[in-house]
Amino acid sequence: MSLIDVPKGVEIISQIIEKTLHSGLLVEVYLVKNPRQYEAALFVGGHFKPGPPVPRPLDTPTETAAYWMGVRPKVGLTKEEGDEILGSVNVQNMMHHCHFIDKWGVPED
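Residues numbered from 1 in each chain as written. Predicted model: local features only at pLDDT ≥ 70, side-chain atom pairs only at ≥ 80, totals over all residues. Heavy atoms only, no water.

### As for the sheet that holds strand β5 (residues 56-57)
Turning to step 1, where the next piece is worked out: Strand order in this open sheet of three strands is β5-β6-β7, and the pairing throughout is antiparallel. The strands lining the two open edges of the sheet, one partner per strand, are β5 and β7 (75-77).
Turning to step 2, where the next piece is worked out: Here strand β6 (residues 67-69) pairs with β7 via three bridges, running antiparallel. Paired with Met 69 across the two strands is Val 75, which belongs to β7. (Pairing = 2+ DSSP bridges. Helix = DSSP H or I, 4+ residues; strand = E, 2+ residues; numbered from the N terminus.)

### Regarding the sheet that holds strand β3 (residues 38-44)
Turning to step 1, where the next piece is worked out: Read from one edge to the other, the open sheet built from four strands follows the order β1-β2-β3-β4, with strand pairing classed as antiparallel. The sheet is open, and its two edges are formed by β1 (11-20) and β4 (47-49), each paired on a single side. For this sheet, the mean inter-axis angle between neighbouring strands, taken without regard to orientation, is 35°.
Turning to step 2, where the next piece is worked out: In the sheet, β3 pairs with β4 via three bridges, with the strands oriented antiparallel. For Leu 42, the partnering residue across the bridge sits in β4 and is Lys 49.
Turning to step 3, where the next piece is worked out: The strands that helix α1 (residues 79-95) touches are β1, β2 (26-33) and β3; relative to β1, the one it contacts most, it runs at about 170°. (Axes fitted to C-alpha atoms, helices over the stretch in contact; angles between N-to-C directions. Contact = heavy atoms within 4.5 Å.)

### As for the packing of aromatic side chains
Turning to step 1, where the next piece is worked out: As enumerated under the stated definition, the model contains three aromatic pairs in all.
Turning to step 2, where the next piece is worked out: Between Tyr 30 and Phe 43, the aromatic rings sit 5.6 Å apart at their centres with planes inclined by 90°, giving edge-to-face as the arrangement. One end of the pair, Tyr 30, is in strand β2; the other, Phe 43, is in strand β3, with 13 residues separating them in the sequence. Exposure class is identical for Tyr 30 and Phe 43. Each is buried.
Turning to step 3, where the next piece is worked out: Ring geometry for Trp 68 against Trp 104: centres 5.9 Å apart, planes inclined by 65°, an arrangement best described as edge-to-face. One end of the pair, Trp 68, is in strand β6; the other, Trp 104, is in the segment after α1, and 36 residues separate them in sequence.
Turning to step 4, where the next piece is worked out: Exposure remark for Trp 68: the relative accessible area of 13% places this residue in the buried category.
Turning to step 5, where the next piece is worked out: A residue is classified by how much of its surface remains accessible, and Trp 104, at 33% relative accessible area, is partly exposed.
Turning to step 6, where the next piece is worked out: The positively charged end of Lys 33 is found above the aromatic ring belonging to Tyr 38, 5.4 Å away from the centroid. (Phe/Tyr/Trp six-rings, centres within 6.5 Å; stacked < 30°, edge-to-face > 60°. Buried < 20%, exposed > 50% of the residue type's maximum accessible area, 1.4 Å probe, protein only. Lys NZ or Arg CZ within 6 Å of the ring centre and 35° of its normal.)

Given below as structure tokens:
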């Protein structure tokens, strides 16, 4: 499947996870390289979905969802999926001496 709407300046490195939602939509999370750091990117049905650069913990986790990524739609991830994504991003940033900064959702001054 080809990926659509990949943001400019983002290099796709490798797929971290792939799963099919109950709705039948294919969800893929890729390790990507931005100019300054490695991040995770969410694709739903092959289309890039904006959101945080790594999974965010849910306020009230359940057995089936402990993390979320994306905005419209927000996709739930199991603890194992979220931990795998976070581990992949953290390892690449450490290996390449990148200082990871998560500014998603933080208003600019």
